[in-house]
Structures are given as structure tokens and as C-alpha cells.
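Coordinate analysis (summary)
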Amino acid sequence: MSEAGRVPSPAAPPEVAAAAPDERKGKEPERDKLPPIVSAGAAAAAGLDRGSKGQISTFSSFISTVNQKKEAAENRSSPTHLVFPNIKNVRDLPPICLDVRQKQRVSIDALPSEMKAPVLPESVLPNQPKTMKDFQEDIEKVKSSGDWKAVHDFYLATFDSFPELNAAFKKDATASFNTIEDSGINAKFVNAVYDALLNTPQDIQKTVLKGIINSLLQEWKGPRTKDDLRAYFILLQNPQFNNTSTYVIYAHLLRQIATLVEADHHFLVHWFKKLSQKRFKQLVERLLQFISLRLFPAKPEEFPPITKCSWWIPSASKVLALLNTANSLVHPPLIPYTDFYNSTLDHIDLMEEYHTWQSFGNSHRFSFCQYPFVISIAAKKIIIQRDSEQQMISIARQSLVDKVSRRQKPDMNMLFLNMKVRRTHLVSDSLDELTRKRADLKKKLKVTFVGEAGLDMGGLTKEWFLLLIRQIFHPDYGMFTYHKDSHCHWFSSFKCDNYSEFRLVGIYA
């Protein structure tokens, strides 16, 4: 509020007070056409009663027009003076709260035409700057002339905003393409523009990045449109994001995509699966590299501190999950599932990730275990082994505590899963022991062969396991069949009424 706004309001001038009754009596039909009349006190608050004519000079033409209408209606002059608050800097005022806005609201129909703001037309896409053929011709001309101006102007216009991106790459600017099966984007044109981008001068590449920054920094209100999703889909394929110097921009792009609603993710997933194998693999590799370099940066000074950008890796992992879902929807998949493995994760504290996931699940606390498709087989093996060992120790300790609490003598055998088997009935005895001792399955295994002396220090367990596997996978036993082409064993095709032996193999595998 201005300094004048805090000055007490003087009494209303006599002419204004005298004119008010006349207005109520004879000019009721014309009331809707006039702007609201502000009291002299409000005029003083706005600083207009101090004799400054320059503050209301912009409304002189409007006041004369209103006076003419009044004279035509009543054929007499009116001493009424219209006073308006200073709205020159109205855009600088802070937003008013809802209840105040309700009290001060004025219908737009009550204002004369001179005061009504023009109605903005519905947003339409700009004209397409160039076709794919035009762009390729400009690239060819550069080879002979060396003049990059036409190409620079194209990149400057195309990446200036989301509407410009749609205007450049959309097959039909007038069609909505609100379908998951067709993104409405000219993929060949996108590929041609990006393939040429890395061979352009640095000023053109910087122009593209500046345009992307401006687009991402726009203030968004309401849900995203399909044109916005198309813009994200196009920007995600930008090969400039292979460079670590662009990772800050790339991270903001990934965060905006990751925070889209589920319905928008549904569209993106189905658009991703329509990409070529080459482009799809490039997206996956770019995201995996982004995660790896954020975890173990070659030059830490290139990136902000990890505490200030903790959202980088979760955002990238979420987008990677969208790509993994798209890959699983295609038969055969675009790329092998092993291409999603990130071997860098083998060098982090996997058990900490696992415990975080166990404690918080899929909540806001991030863990790579929420996205198991990025964890390699070797890393998963480490997690399972260590978790099994910890569970065995925990169960054994609990058994020992229970014995002591009941004042019973502890038996060290209670700390193990003791298997007593006969060599002649290896499979059946193992199956019986397994059935009777299900509560001890997570304890450490100790095997004893009936009728044979010896302590199991690991050798007897290894021998039992090898004999069991050899017998179960023997072709004469009939459980599995060996395929020479793939050099693998597979389940036998014969019909089985009892699958307990298969469960035995699964448990001990």
C-alpha cells in the first residue's frame, strides 16, 4: 500500500454528497453501464485528492464519454465527479485473499467498453517453421556456403517453447491425437533434427539449451495437456543430455516427467514402446549413465552437492521404470531385460538399500530395491545371501534365548537345520526331513549320513547337495529333460501328481 493509503480520509466534498441522491433517483437504468463510484475517502486513500491532475489524465477521455451519455439521457448537467483509484501499477500488488476478493468483485458486464479488457483467444499452435525437407535442404546448403543462419533460426524457434515444439514436430497441428497408440509426432523429423544438432556450432547448441531452460521454468497451472506430454517426449530424446555439463537441465526435465500423474505416465509408456530399438536403447543408456555419474562423479565439482539434489536419482529411476514398463509391453522386448542392469550399483551398500526398503517399503524414502530391474543378478545374489545369513543368526539367537528363559540347558544342535539321510533313500529322506523341520529352514544346514561317523564341517553338506542334484537331474529319474541345443535342463513333459520333489529342488536351490 502506498504512503497515501495510510492518510486518514477527509470528509466527502459537498458536490459529491449532493449528486448521490440524484444518481439514485433519475439514473437507475444507466447504473449498469457506469463503473463503480469510489467515495472520496477511497480517492484520498489512493492519493487522488491532493490536487495531482497527472494521476487521472489517462481517464479524461473516458470521463467525457460518460458525461455525454448522461447529458443525452437527462438533458442536464450533473455535478457528479467520478473518482477512480490509481490502477497504473495494479500488476505489482500482492494477491488478495479469497474473502476480500469476493467483497470487491465487480461484474465485467457492469463496465463500459472502454474499461473491458480484450478477451484472449484460445491458444493455438504457431505456424510450422519448416518441413523436414526444408530443414534437410538448409543443412545441405551449409556444407557449401558455411552460413548457419537459417539452421540457427530454426533451432531458435523450435525449442523456444512447448507450443513451438509441437508446431515443428506434430504431424497435424490441428489434430489433438488424444490416443495412447499414436503420439502424433513425426519421429523421423525428430531424429533428423537431433542427429544434426551435435554437428552444429556451439552457439546453436547453447541456443537449444536456453530454450529448454525457458520452457521448463514456465509457471504451470492445472493439468498437463497432451501437447505438453509430446514436448516432454521430444525433449527426453535430446542427445545433448549425454554431456555432464547439461545434467542440471536434464535433472529438471526428469523431475517434471516423474511427477506427472499416472494417466500421463500411461500415455508416455505407450509412446515409448513405439520408438525404434536404437532410440529406445539410447534413452535407457543415458539414464543409467546419469545415475552412475551422480553416484560416482568423475569430477564432483561439476555437480551440485548431493544434499541439494537428492531428487536427481529418484527422478531418473522413475523415468527408467516407465521405459522398463514400455519394454515389457512389447513382444519380443525392444531390448533385453539385462540392458536395464546398472553394474555401478554392485559397488554401493546394497544391504543398506535393502534395509531401507524393508523399513519404509515403497514410501517416499527412496531405495534402489524399489526398482529391482536395475539391480544385476550378482547384486541380487549378494542381497539374498546376506539376508539369509542374518535371518539364520536371528532365528538361532531367538531359539537360544527361549531355552534360557525357560531355564533349560541349551543344545547347540538347535542352532542348525539337522538333516539325517540315508544314501540309498537320499531324495525321500531329504523330503521327509524338509517337511518335518519347516520351522528351521532358515537356520544353517548340517547333514549327517545315517550309519556313517563324521562331523559336518561343510564337506558332508556339499556331498549331500551334489548327490541330490545328480540324482534329481538324471534323465532316468524323469523330473527334468536335458536339451542339447540350449545345453539346459527343463521340466519333464510327463504329467506329475505330486510336485513335492520339485518344491524340494526349489527350496534347496
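All values reported here derive from a predicted model rather than from experimental measurement.

Calculation criteria
- Residue positions are given per chain, counting from 1 as you read along its sequence in written order.
- Local features in a predicted model are, by the rule used here, given only for residues with pLDDT of at least 70; side-chain atom pairs are given and counted only at 80 or more, and totals for whole chains, interfaces and linings are based on all residues.
- Where side-chain values are given, they derive from all heavy atoms of the structure, hydrogens and water being excluded.
- Note on conventions: DSSP H or I runs of at least 4 residues are helices, E runs of at least 2 residues are strands, and numbering of each starts at the N terminus.
- To sort residues, take the accessible area from a 1.4 Å probe on protein chains only and compare it with the maximum for the residue type: under 20% means buried, over 50% means exposed, and anything in between is partly exposed.
- Contact criterion: two residues are considered in contact whenever any of their non-hydrogen atoms come within 4.5 Å of each other.
- Computed by Shrake-Rupley with a 1.4 Å probe, the accessible areas treat only the displayed protein chains as cover when residues are assessed.
- Two N or O atoms form a polar contact when they lie within 3.5 Å of each other; inside protein one atom must be a possible hydrogen donor and the other a possible acceptor, and for residues adjacent in sequence the pair counts only when both atoms belong to side chains.
- The way it works is a 1 Å grid over only the protein atoms, where trapped points that fit a 1.4 Å probe form a cavity and open points with protein on both sides within 12 Å along at least five of seven lines form a pocket, and then any residue with an atom within 4 Å of a point lines it.
- Grid points are joined across faces, edges and corners, and a volume is the space filled by probe spheres set on the points.
- Only Asp, Glu, Lys and Arg are considered charged, only Ala, Val, Leu, Ile, Met, Phe, Trp, Tyr, Cys and Pro nonpolar, and every remaining residue, Gly among them, polar.
- As a per-residue measure, pLDDT tells how confident the predictor is, with possible values from 0 to 100.
- In these notes, a set of buried Ala, Val, Leu, Ile, Met, Phe, Trp, Tyr and Cys residues joined through side-chain atoms within 4.5 Å is what counts as a nonpolar core.
- Stacked, edge-to-face and tilted labels apply to pairs of Phe, Tyr and Trp rings (six-membered ring for Trp) whose centres lie within 6.5 Å, assigned for plane angles under 30 degrees, over 60, and everything in between, in that order.
- The length a helix should cover is 1.5 Å for every residue beyond the first.
- Strand pairing follows a simple DSSP-based rule, namely that at least 2 bridges must link the two strands.
- A residue counts as positive if it is Lys or Arg and as negative if it is Asp or Glu; His and the chain ends are not included.
- For this document, the term salt bridge refers to a Lys or Arg side-chain nitrogen within 4 Å of an Asp or Glu carboxyl oxygen.
- Angular values range over 0 to 180 degrees, each being the angle between N-to-C directions of two axes fitted as lines to C-alpha atoms, with helices fitted over their stretch in contact.

**Focus: the overall build of the protein**
Secondary structure summary: the protein contains 19 helices and 4 strands in total. A buried classification covers 36% of the 509 residues belonging to the protein. Contacts in the protein between residues at least 24 apart in sequence constitute 69% of all its contacts with a sequence separation of at least 6. Looking at the protein as shown, the accessible area adds up to about 31600 Å², and 56% of this sits on carbon and sulfur atoms.

**Examining the side chain of D387**
Along the polypeptide, D387 turns up in helix 16 (residues 377-405). Polar side-chain contacts of D387 include one of 3.4 Å to the side chain of Y354. When near neighbours in sequence (up to four residues on either side) are disregarded, D387 contacts M351, Y354 and Q358.

**A closer look at helix 10 (residues 226-235)**
In terms of residue burial, helix 10 counts as a mostly covered element, since 9 of its 10 residues are buried. Among the residues of helix 10, K226, D228, L229, R230, A231, Y232, F233, I234 and L235 are the ones counted as buried. Contact partners of the buried residues in helix 10: helix 7 (162-169), helix 8 (187-197), helix 9 (202-216), helix 11 (247-258) and helix 12 (262-272).

**Some words on empty space enclosed by the protein**
According to the stated counting rule, one finds 2 cavities of 30 Å³ or more in the structure shown. Here the second largest cavity is characterised by a volume of approximately 40 Å³. Residue lining of the second largest cavity: L345, I348, L350, E353, F368, C369, I375 and I383, and that is the complete set. In terms of residue class, the lining of the second largest cavity is built from 7 nonpolar, no polar and 1 charged.

**With respect to the confidence of the model for the protein**
Atom-level detail of predicted coordinates should not be read off regions where pLDDT is low. For the protein, per-residue confidence averages 75 on the pLDDT scale, and residues scoring 70 or more make up 70% of the total. A low-confidence stretch, residues 1-60 stays under pLDDT 50, and its non-local contacts, those more than four residues away or across chains, total 63 contacts. Considering only residues more than four positions removed or in separate chains, one finds that residues 73-122, a stretch of pLDDT under 50, has 53 contacts.

**Structural notes on the nonpolar core**
Counting 80 residues, the largest nonpolar core has Y155, F272, F280 and L320 as the members making the most contacts within it. Considering every element that reaches this core, the biggest residue donor is helix 14 (residues 312-328), with 9 residues. Among residues more than four places away in sequence, those in contact with F280 are F272, L275, L323, A326, N327, L334, I335 and F340. Listed in part, the 18 residues of the second largest apolar core include L431, F449, L468 and L504.

**A look at the packing of aromatic side chains**
One pass over the structure, following the stated rule, counts 27 aromatic pairs. Seen in terms of ring centroids, F233 and F272 are 5.6 Å apart; in terms of plane orientation they differ by 45°. Their pairing is tilted. Here F233 is found in helix 10, whereas its partner F272 is found in helix 12, with 39 residues between them in sequence. With relative accessibility at 6%, the residue F233 sits in the buried group.

**Some thoughts on helix 14**
An α-helix turns once every 3.6 residues. As a result, residues three or four positions apart point the same way. For helix 14, which comprises 17 residues, the first-to-last C-alpha distance of 25 Å matches the rise-based estimate of 24 Å (1.5 Å per residue) to within 8%. Within helix 14, 12 of the 17 residues are buried, which leaves the element mostly enclosed by the surrounding structure. Inspection of helix 14 places W312, I313, S315, A316, S317, V319, L320, A321, L322, L323, A326 and N327 among the buried residues, and these make up the whole buried set.

**Points about the environment of K281**
Considering the arrangement of structural elements, one finds K281 in helix 13 (residues 277-295). Along the primary structure K281 and F340 are separated by 59 residues, whereas in three dimensions their C-alpha atoms are 9.4 Å apart. Aside from chain neighbours lying at most four places away, what touches K281 is I335 and D339.

**Brief notes about the pairing of strand 4 (residues 488-491)**
For strand 3 (residues 480-483) and strand 4, the ladder comprises 4 bridges, and the chain directions are antiparallel. Within the sheet, the bridge partner assigned to Y482 lies in strand 4 and is H489. Where strand 3 folds back on strand 4, the antiparallel hairpin that results is connected by 4 residues, among which H487 adopts a positive phi of roughly 55°.

**Describing the side chain of R294**
Of note, R294 is situated in helix 13. For the buried R294, no salt bridge is present, and the opposite-charge side chain at shortest range is E302, 9.7 Å distant. Setting aside its immediate chain neighbours within four residues, R294 contacts F303, P304, I306, C309, W312 and I313.

**Some details on the pattern of salt bridges**
Side chains that differ in sign of charge can pair as their charged atoms come close. Per the stated rule, a full pass over the model turns up 12 salt bridges. Among the ionic pairs, K170 bridges to D227, the shortest N-O distance being 3.0 Å. With K170 in the loop between helix 7 and helix 8 and D227 in helix 10, this pair connects stretches of sequence that are 57 residues apart. Sharing partners across several salt bridges, the network here consists of K170, D227 and R230.

**Section: the packing of helix 5 (residues 132-145) against helix 6 (residues 149-158)**
Contact geometry for helix 5 and helix 6: axes closest at 8 Å, N-to-C directions at 140°. In this structure, helix 5 uses F135, D138, I139 and V142 to contact helix 6, whose residues at the interface are A150, V151, F154 and Y155. By residue class, the composition of the contact of helix 5 with helix 6 is 7 nonpolar, no polar and 1 charged.

**Section: the environment of F465**
Turning to its location among the elements, F465 is positioned in helix 18 (residues 459-472). With relative accessibility at 31%, the residue F465 sits in the partly exposed group. Remark: the alpha-carbon pair of F465 and V447, spanning 18 residues in sequence, is separated by 9.6 Å.

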